[in-house]
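Each chain is listed here by its residues.
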Amino acid sequence: MGLLNASRRAVGAARCCPSPLSTPKSWLSIKTALPGDKNILLMGPPGAGKTTVGRIVAHKLGLPVVDVDDDVLETTWKMPVAAKLASVGGKRFLEEEGQALRNFSASGCVVSLTGSNPLHAEAMRHVKESGLVVYLDVDGEDIVRRLAAMEVNRIVGQEEGVPVRDILLHRKRFYEKWLDVRVLCGTGDTAEEVAEKVLKAVERYQNHDEETYVSTRCDGAAPPHRKTYFGDVVVEGLAADGGLYVPKNGFPKMDAREWLRLVAMSYPERALVLLEKCIHPLDVSALDLRTMVFNAYGSNFSSEAVAPVRHLVRNQYVQELFHGPTASFKDLALQLMPQLFAHCLPPMCNYLVLVATSGDTGSAVLSGFGRLSGADRHRTGVLVFFPEEGVSEIQRLQMTSYTEDNARAVGVLSDFDFCQRSIKRMFGESGLTGHLAVEYGTVLSTANSINWARLLPQVVYHSSAYLDLCRDGVIEFGEPIDVCIPTGNFGNAMSALYAKQMGVPIRKVICASNHNRVVADFFATGEYDLRGRPLKPSRSPAIDILKSSNLERFIHHVSDGDGRLVGDLFARLDGQQRFRVPEPLLGRIRQEALAGWCSEDDCLAAIRGVRAQTGYVMDTHTAVAKVVADGLQDGSCPAVLCATAHCGKFAPAVFKALQIQNIPEDPVEQLEKLELAAPRPEMHTEMMKRLKESGRRRQAVCQADYGVLVEEVESMIHDSFLKVM
Ligand SMILES: *Cc1c(COP(=O)(O)O)cnc(C)c1O
C-alpha cells in the first residue's frame, strides 16, 4: 500500500502533463541474496505450507527464517500455541496474537505468518510495513484434506459446528485484503515448487522494469529512450509513433496446475487471478484490482455467470458475451476499463476520451465511464463519434439514453473509418493537442479497441469459456478448442490469441467477416488491400470495418516483434492503401488463425436454421461466426462461437431472418415482439428498460469534415471542463 501510494504520488508530481513515469527502486535483490532490510512475509491458511516453504525460501536466499508460531508466539507466551488457544478461547487468542505481532520486529528475514494473523488489522499493518506479503493461495479442498491428514480438527476462530470450509472462505477475504502478491498453488505442487513460485513472485515484484510496453513499430535496434508502464499505456492509448502498445516481454504463461485452480472459480475470481498476472502490482495493487474487478462483473450483468457458455449444436457452443448493461461483448471490457483508466490518470489534468464507434462501443463506453464516481468522473469526459447511417435505431437510442454531463455522442455523416481516421489525426496534431493542454489543461485519450485496457479484460472471457468446458466435462484440460469470432477491429480475436499465449489450449482462432471481407482475403492471399473496396453496409454493422486496427498487434506477434517491418507495412497501408506480408509470415499467421466470410443471405439463413433446430436465436454477428465456423472448422474439437450481441440489439434483421411480418416501428415494441418469437436466449431486460427510458430524442449530427469534428471536441471540453477547473 505504502509503496503504491508513494509511486502514484511520484507519478502525479512528475507528470502533468505526460512525461516519463517514475517508479520506486527495488528494495530486495534476489540475485545477490541481499534483502536490504525488508522481509518476505508468507501468508495463507493453516496447511498452506507457510513454514515448510518459508524454510526453503530462506535457505535459497541465505536469509534467517522466522516462524511466528514458534519464534514469536511461543517465546512470548512461554507455552505451546495450542495450549494458549485452549486456555483463553478464540477471540482473546486473536487479540493476544495480534499484540504479540505488533511488538515483533525483524528485518531481512523470511517470516511465516500464522493463518490467523491477517484477521488482526493493526498487527497486519505493522508487519506489512516491514516487507512484502506473499499469499500462498491453496485450494480450499486441498487444505481440508491436508488438515485431516495432519489430524488438525480445529483451527482458530472455528466455533462448534462451523465447517472448516466456511472458515477458510471467510479468511480468504482477509488474505486478499493484505496480499502484495499471490502465489497460485496447484493441487499436487510440492513445497519446493511453491518455494520456486515465491521466489519468482518476489523477483517479479522488484523487476517492475521488466513489465514495460513497447510500440508495435518500435525498432528493436533502437530501443525507446524512456520506459513505458501500464499506466502510460492505458492513458495514452496510441503510441507516439502511431503504433499500438504491446508488452515488451510478451504474456505471462500459466502451467496446467494453475489453470486447473481456475476451473472451480467464479468469473470475477478468474478475472482477478488472470489480471494480477498481467498487471504489475506496482501499477495496480492487488487490492485495488480486486475492488475494480468485483465492481465490473457484478449485478450489472444480467447473468451471474457473466459470460456463460451454452451448447448449440453438435460440437458447437456459444459463449454469451451480451449479458452486460448494453447487450454487446464490449461491456466485458468497458465495465472495467474506465476504472483502470481513472486509476492511472495523473492528477491535475482533465482527460477527454475520444471514441469512434460503428455502434456498440458508444453505449458501452458511455455506460462504463458513466459508472465512475467522485473526482474521477469530474475530470474525465467522453466524446463518441458514430456514423449516422451506420448504427441501428436501437443502438442510437441506447447511446442517447446516457445523459451524464461528461458524456456525449455525435452522429457523423460518414462511415466508421472516417470517424476513426479523424480521431487518429487529432492525436497526431501537436498544434491541437498543445492548444488543448495549455488552454484547458486537457489531454486527449482514447478508449478504442486498440487501448490495452480494453484488450486485457477480454483475455479473461476466452479463458473462462475454456474453463467452463472443462468444468462441465466437455473436455479435459489440455484438449484443444477452436474459437470463432465475428471480427471487426480484430480486438476480440487478438484477445483470444493472447489467451492462447497465456496457455489456454486454443487451436485456431477463426476470424469471421461479413461481405466486408478484407481480413478474409488477407488470410487467403497475404495482401491487405483497401483499393476499390468501399464499405458495404450489412446486417452485422459492428463488423463493417476495413482497417482492422488490432491486426497490427497480430503481425507484430507473428514477426517476433519486428517493429521495422510492422512500421513499414502500416505506413504503406496509409500511403498506398495496401501491403503484402512475406510468405513465411503468412504461414505463421495461418498457423494461429483462420479467416472466412459470410454473405448476407447465409447470415439470415443461419439464424432461421438454428432457431428451427434448437429454439435459440442468434444475433447477426453471432450468425456470421456460425456460418464461417460451419465452413472452416473440421469438427474434430469443440468450437466456441462468440455471441457478441443479444439478438434484440439487431431485431429488424432478426425478424427478416425469421420471416416475421408486420414489424412495429417502435424499437421497444420490436423487442416485445421478438421476445415472443425467441424462446432462447432470455430477453435483455436492462436494454429494454433503457430503450423505454430513452424515448426518441434527436441528437447532434455533423458533416464529414475533420474541422467540424475538431470543433465538437473543443466545445465538449469547453462545456465540461472549464467550469470544473
Ligand atoms: C465490436 C463488435 C464486434 C467486433 O469486435 P472487434 O473486437 O472489433 O473485432 C463484433 N460484434 C459485435 C456485436 C460488436 O459490437
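The structure presented is a predicted model; accordingly, all values stated were derived computationally and were not measured. (Residues numbered from 1 in each chain as written. Predicted model: local features only at pLDDT ≥ 70, side-chain atom pairs only at ≥ 80, totals over all residues. Heavy atoms only, no water.)

Some details on a negative patch on the surface
Applied cut-off: Patch building starts from residues that exceed 30% relative accessible area and form no salt bridge, then joins like charges within 9 Å and nonpolar side chains (Val, Leu, Ile, Met, Phe, Trp, Tyr) within 5 Å. Where accessible areas are quoted, they stem from the Shrake-Rupley method and a 1.4 Å probe; at the residue level, only the protein chains shown are allowed to cover. Just to be clear on terms, a salt bridge is a Lys or Arg side-chain nitrogen sitting within 4 Å of an Asp or Glu carboxyl oxygen. Residues scored as positive are Lys and Arg, those scored as negative are Asp and Glu, and His as well as the terminal groups of each chain are ignored. To locate a charge, take NZ of a lysine, CZ of an arginine, CG of an aspartate or CD of a glutamate. Helix numbering and strand numbering both begin at the N terminus, where a helix is a DSSP run of H or I of at least 4 residues and a strand a DSSP run of E of at least 2.
Together, Glu 669, Glu 672, Glu 675 and Glu 682 make up a region of like negative charge exposed at the surface. Positionally, Glu 682 belongs in the loop between α30 (667-677) and α31 (685-694).

A look at the pattern of salt bridges
Definition in use: The buried label goes to any residue with under 20% of its type's maximum accessible area, the exposed label to any with over 50%, and the partly exposed label to all in between, with areas taken from a 1.4 Å probe on protein chains only.
Within this structure, the stated rule accounts for 49 salt bridges. Across the salt bridge formed by Glu 96 and Arg 92, the nearest N and O atoms sit 2.8 Å from each other. Here Glu 96 pairs with Arg 92, and both are found in helix α5 (residues 90-102), just 4 residues apart, close to one helical turn. Classification of Arg 92 by relative accessible area gives partly exposed; the value is 49%. As a salt-bridge pair, Arg 471 and Asp 472 come within 3.0 Å of each other at their nearest N and O atoms. Residue Arg 471 is classed as partly exposed on the basis of its relative accessible area of 46%. Several salt bridges share partner residues, and in doing so they unite Asp 137, Asp 139, Lys 172, Glu 176, Arg 182, Arg 261, Glu 276 and Arg 290 into one network.

Re the sheet that holds strand β13 (residues 442-446)
Sheet strands line up and pair through hydrogen bonds in the backbone, either parallel or antiparallel. How we decide: Any two strands are treated as partners once DSSP identifies two or more bridges connecting them. In this analysis, two residues are considered to be in contact whenever any of their non-hydrogen atoms come within 4.5 Å of each other. Axes, fitted as lines to C-alpha atoms, cover a helix only where it is in contact. Angles between the N-to-C directions of the axes lie from 0 to 180 degrees.
As summarised here, the arrangement of the 5 strands in space is β13-β10-β11-β12-β20, forming an open sheet in which the pairing is parallel. The open sheet is flanked by β13 and β20 (701-702), the only strands paired with a single partner. The pairing of strand β12 (residues 407-412) with β20 spans 2 bridges and is parallel. Within β20, the position partnered with Gly 411 by the bridge is Val 701. Seen against the sheet, helix α32 (residues 706-721) touches β10 (350-356), β11 (380-387), β12, β13 and β20 and runs at an angle of roughly 150 degrees to β11.

Description of the domain arrangement of the protein chain
Under the convention used in this document: In this document the domain limits rely on a domain assignment from an automatic tool or a database.
Split into domains, the protein chain comes out as domain 1 (2-206) and domain 2 (302-325 + 469-694). With centres defined by C-alpha atoms, the gap from domain 1 to domain 2 works out at 44 Å.

A short note on the site of the ligand
Selection rule: Note on terminology: near, applied to a residue and a molecule or strand, indicates that one of the residue's heavy atoms is within 4 Å of it. Under the rule applied, a polar contact is a pair of N or O atoms within 3.5 Å (in protein, one hydrogen donor and one hydrogen acceptor; residues adjacent in sequence only if both atoms are side-chain atoms). Each residue receives one of three labels: charged for Asp, Glu, Lys and Arg, nonpolar for Ala, Val, Leu, Ile, Met, Phe, Trp, Tyr, Cys and Pro, and polar for the others, Gly being one of them.
Near the ligand there are 15 residues, and of these Lys 330, Asp 360, Gly 488, Asn 489 and Thr 644 occur at the shortest range. At 2.8 Å, a side-chain N or O of Thr 644 approaches a nitrogen atom of the ligand. Here the ligand has 390 Å² of accessible area as a free molecule, and 97% of this is covered by the chains. A per-class count over the shell around the ligand returns 6 nonpolar, 7 polar and 2 charged.

Some details on the confidence of the model for the protein chain
Applied cut-off: On a range of 0 to 100, pLDDT expresses the predictor's confidence in each residue.
Residue-level pLDDT values for the protein chain average 91, and 94% of them are 70 or greater. Under a pLDDT of 50 for its full length, residues 1-34 has, in the predicted model, 64 contacts with residues more than four places off or in other chains.

A look at the packing of helix α7 (residues 140-149) against helix α8 (residues 164-178)
Between two packed helices, both the angle of their axes relative to each other and the distance between the axes serve to describe the pair. Rules: The cut-offs work like this: below 35 degrees is roughly parallel, past 145 is roughly antiparallel, 65 to 115 is roughly perpendicular, and the gaps in between are oblique. Crossings are assigned a handedness: left-handed for a near helix turned anticlockwise from the far helix by less than a right angle, right-handed for a clockwise turn.
Direction vectors running N to C along α7 and α8 enclose 130 degrees, while the axes themselves pass 10 Å from each other. Taken as axis vectors, α7 and α8 run oblique relative to one another. Both α7 and α8 take part in a crossing whose hand is right-handed. Contact residues: Gly 140, Glu 141, Ile 143, Val 144 and Leu 147 in α7; Val 164, Arg 165 and Leu 168 in α8. Classifying every residue of the contact of α7 with α8 by side-chain character gives 5 nonpolar, 1 polar and 2 charged.

Quick notes on helix α24 (residues 551-558)
With 7 of 8 residues buried, α24 is to be regarded as a mostly interior element. Three or more residues of α24 are buried, namely Leu 551, Glu 552, Arg 553, Phe 554, Ile 555, His 556 and Val 558. Once α24 ends, the next one or two residues include Asp 560, with phi positive near 55 degrees.

Observations regarding helix α4 (residues 81-88)
For the record, the criterion: Relevant arc is that of directions from the helix axis to the C-beta atoms, nothing else.
Within the span of α4, buried status applies to Val 81, Lys 84 and Leu 85. Buried residues along α4 cover an arc of 100 degrees about the axis, so they all sit on one side. Projecting away from the buried face of α4 at angles above 90 degrees are the exposed residues Ala 82, Ala 86 and Ser 87. Check the buried side of α4 and you find it contacts α3 (68-77) and α5.

Focus on the pairing of strand β14 (residues 481-486)
We apply this condition: For crossovers, right-handed means that the path from the first strand over the helix to the second runs clockwise, given strands pointing away from the viewer.
Summarising burial for β14: 6 of the 6 residues are buried, a large majority. Following the chain from β14 across helix α22 (residues 491-502) to the adjacent parallel strand β15 (residues 506-513), one finds a crossover that is right-handed. With 3 bridges joining them, β14 and strand β19 (residues 639-643) adopt parallel strand pairing. Along β19, the bridge assignment pairs Asp 482 with Ala 639.

So, unusual backbone geometry
Residue Pro 681 is bonded to the preceding Arg 680 through a cis peptide linkage, with omega at -10 degrees. Secondary-structure assignment places Pro 681 in the loop between α30 and α31. Residue Gln 659 is not a glycine yet carries a positive backbone phi of 55 degrees. Tracing the backbone through its elements, the reader meets Gln 659 in the loop between α29 (651-657) and α30. Residue Gln 659 is classed as exposed on the basis of its relative accessible area of 52%. A positive phi angle, near 50 degrees, is found at Asn 662, a position not held by glycine. For Asn 662, the position within the fold is in the loop between α29 and α30. By relative accessible area, which is 68% here, Asn 662 ends up exposed.

Structural notes on the sheet that holds β19
With respect to topology, 6 strands assemble into an open sheet ordered β8-β9-β19-β14-β15-β18, the strand pairing being mixed. Strands with a single pairing partner mark the edges of an open sheet, and in this sheet they are β8 (309-313) and β18 (593-597). For this sheet, the mean inter-axis angle between neighbouring strands, taken without regard to orientation, is 25 degrees.

What about the pairing of strand β9 (residues 316-320)?
Within β9, 5 of the 5 residues are buried, which leaves the element mostly enclosed by the surrounding structure. Here β9 shows no split at all, with Gln 316, Val 318 and Glu 320 on one side and Tyr 317 and Gln 319 on the other all buried. Pairing of β8 with β9, which is carried by 4 bridges, proceeds in the antiparallel orientation. The residue of β9 that forms the bridge with Val 313 is Gln 316. The hairpin formed by β8 and β9 contains 2 residues between the paired strands, and Arg 314 there has a positive phi angle of roughly 40 degrees.

Let's talk about the nonpolar core
In plain terms, the rule: We call a set of buried residues a nonpolar core when its members are Ala, Val, Leu, Ile, Met, Phe, Trp, Tyr or Cys and they connect through side-chain atoms within 4.5 Å of each other.
Core analysis: the largest hydrophobic core is formed by 119 residues, its most contacted members being Phe 230, Tyr 297, Phe 554 and Ile 555. Excluding its chain neighbours within four sequence positions, the residues that come into contact with Phe 554 are Phe 490, Met 494, Leu 497, Phe 523, Ile 589, Glu 592 and Ala 593. Leu 312, Leu 604, Leu 641 and Met 683 belong to the second-largest nonpolar core, a separate cluster that totals 41 residues.

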